[in-house]
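These are the residues of each chain, in order.
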Amino acid sequence: MTSRKTTTSAPHDALTDKLCDIGLRGLAAELDDVIARATRGRWSVTKLLEHIVTLETQDRARRSMERRLGRSRLGRFKPMADFDWTWPKKLDKDALERVLSLDFLDHHENVVLIANQGLGKTMIAKNLAHEAIVAGRTALFISASDLLLDLGKQETGRTLERRIKYFCTPHLLVIDELGYLSYDNQAADLIFQIVTRRYERRPTVLTTNLAFSEWPTVFPNATCAVALIDRLTHHAEIITMEGESYRMREAGETKKRRRKSGGRKPRRRGPRS
């Protein structure tokens, strides 16, 4: 019996390798199941080919999305289902729903999310990037500080140009937390280059804690701030949120629970023997 299994599996192993070599990885992974189903159901050649096409299309779509997710730098984030629409004191829900529909991608429009810390602007931005990836687009999420750190460490003009092109390539670029740090002339110029090259070509989502009137406080001069704002806001959806921090609310709720329990933390039980 052992020798029989060896002789019957060998042809399948060779066929699996050949299918992988010509790019039919979905079929290669499901080869035994496909053969069994086709034999049991007495499929026609046409039905077998249709099944293979469907299998490969689904597999390639899955692998493509996995690659895009892997390159997006999204990390972990909460889905929009967890977003408390009633918490912000000020929020244009209609505008946010329009943005979440991803219409801005086809119109090459930017999105600017303005809010203090803890109101969910980064959460929204990550969800936008994720939905864009699910819709078949490429997306990249990066904080403004990491973006400038990446560009600033390039030693030659050629490598800098290559990195700028890298950030201009994705269908959607999300720049998080612009305005938390002050920028010198070089940093401001690099941000301006990214925004300008993507202008009316590929949309950019930007989150900031500063109203536009406050941008001159972190950029080297008013002219630079005005030029950047002009590029960002022309053909853009601007969403402002106001209110208290979600994290502050959660911290307050945790404190209340501890008070009710007498300030005692639950004991950790050791592993059962």
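Conventions and cut-offs
Just so you know, the residues in each chain are numbered from 1, in the order the chain's sequence is written. Owing to the predicted nature of the model, reporting of local features is limited to residues with pLDDT of at least 70; listing and counting of side-chain atom pairs is limited to 80 or more, with chain, interface and lining totals taken over all residues. Based on all heavy atoms of the structure, the side-chain values leave hydrogens and waters out of the count. Relative accessibility under 20% of the residue-type maximum defines a buried residue, over 50% an exposed one, and the middle range a partly exposed one, all with a 1.4 Å probe and only protein chains included. Each helix corresponds to a stretch of at least 4 residues labelled H or I by DSSP, and each strand to a stretch of at least 2 residues labelled E; elements are numbered beginning at the N terminus. Working rule for helices: expected span equals 1.5 Å times residues minus one. Convention adopted: a line fitted to C-alpha atoms gives each axis, helices being fitted over their contacting stretch, and angles between N-to-C directions are expressed from 0 to 180 degrees. For classification purposes, angles smaller than 35 degrees are called roughly parallel, those larger than 145 roughly antiparallel, those between 65 and 115 roughly perpendicular, and all remaining angles oblique. Left-handed describes a crossing whose near helix is turned anticlockwise from the far helix by less than a right angle; the clockwise case is right-handed. By the convention used here, residues are in contact when the closest approach between their heavy atoms is within 4.5 Å. Any residue with relative accessible area above 30% and no salt bridge may belong to a patch, with like charges joined within 9 Å and the nonpolar Val, Leu, Ile, Met, Phe, Trp and Tyr side chains within 5 Å. Note on areas: Shrake-Rupley, 1.4 Å probe, and residue coverage restricted to the protein chains presented here. In what follows, salt bridge is the name for a side-chain nitrogen of Lys or Arg lying within 4 Å of a carboxyl oxygen of Asp or Glu. His is not counted here, nor are the chain ends, while Lys and Arg score as positive and Asp and Glu score as negative. Charge positions are represented by NZ for Lys, CZ for Arg, CG for Asp and CD for Glu. Space inside and on the surface of the protein is sampled on a 1 Å grid over the protein atoms alone, with a cavity defined as a set of points where a 1.4 Å probe fits but cannot get out and a pocket as an open set with protein on both sides within 12 Å along at least 5 of 7 lines; lining residues have an atom within 4 Å of a point. Grid points are joined across faces, edges and corners, and a volume is the space filled by probe spheres set on the points. Gly falls in the polar group here, along with every residue not listed as nonpolar (Ala, Val, Leu, Ile, Met, Phe, Trp, Tyr, Cys, Pro) or charged (Asp, Glu, Lys, Arg). Strands were regarded as paired on the criterion that DSSP finds at least two bridges between them.

Visitor: So what exactly am I meant to see when it comes to the pairing of strand β2 (residues 139-143) here?
Guide: It is a general feature of regular strands that their side chains alternate between the two faces of the sheet. Most of β2 sits out of view: five of its five residues are buried. Burial of the side chains of β2 extends over both faces: A139, F141 and S143 are buried on one face and L140 and I142 on the other.

Visitor: Is there a simple way to think about helix α7 (residues 121-134) in this case?
Guide: Every α-helical turn comprises 3.6 residues, leaving residues that sit three or four positions apart pointing alike. For α7, spanning 14 residues, the distance from its first C-alpha to its last is 20 Å, which sits close to the expected 20 Å at 1.5 Å a residue. Along α7, 10 of the 14 residues are buried, which leaves the element largely enclosed by surrounding structure. When α7 is considered as a whole, its buried residues turn out to be K121, M123, I124, A125, K126, N127, L128, A129, A132 and I133.

Visitor: Explain the packing of helix α9 (residues 157-168) against helix α10 (residues 185-198) here, please?
Guide: Packed helix pairs are characterised by how far apart their axes lie and by the angle those axes make with each other. α10 packs onto α9 with a crossing angle of 50° between their chain directions and a minimal axis gap of 10 Å. Relative to α10, the element α9 is oriented oblique. When the axes of α9 and α10 are compared, the crossing they make is right-handed. Of the residues in α10, those in contact with L160, E161, I164, K165, F167 and C168 of α9 are L190, Q193, I194, R197 and R198.

Visitor: Teacher, can you tell me more about a negative patch on the surface here?
Guide: A cluster of acidic residues, D13, D17, D21 and D32, forms a negative patch at the surface. Among the elements that take part in the negative patch, helix α1 (residues 2-21) stands out by supplying three residues, more than any other.

Visitor: Before we go on, may I ask you to explain the layout of surface pockets in this structure?
Guide: It is a probe the size of a water molecule, rolled over the atoms, that shows where empty space is left. Volume-wise, the second largest pocket comes out at about 160 Å³. R67, R68, R71, T138, A139, L140, Y166, T169 and P170 together form the lining of the second largest pocket. When contributions to the lining of the second largest pocket are tallied by element, the ones reaching two or more residues are α4 (45-72) and β2. Take the lining of the second largest pocket: its biggest share by element is three residues, from α4. Residue composition of the lining of the second largest pocket, grouped by class: four nonpolar, two polar and three charged.

Visitor: Explanation requested: the sheet that holds strand β1 (residues 110-114) in the structure shown.
Guide: Pairing between the strands of a sheet is mediated by backbone hydrogen bonds and can be parallel or antiparallel. On the basis of which strands lie adjacent, the open sheet formed by five strands has the order β2-β3-β4-β1-β5 and parallel pairing. Looking along the sheet, the strands with just one partner apiece sit at the ends: β2 and β5 (236-240). Across the sheet, the mean angle from the axis of one strand to that of its neighbour is 10°, orientation sign disregarded. Where β1 lies against β5, five bridges are found, and the strand directions are parallel. Directly across from V112, in β5, lies its bridge partner I238.

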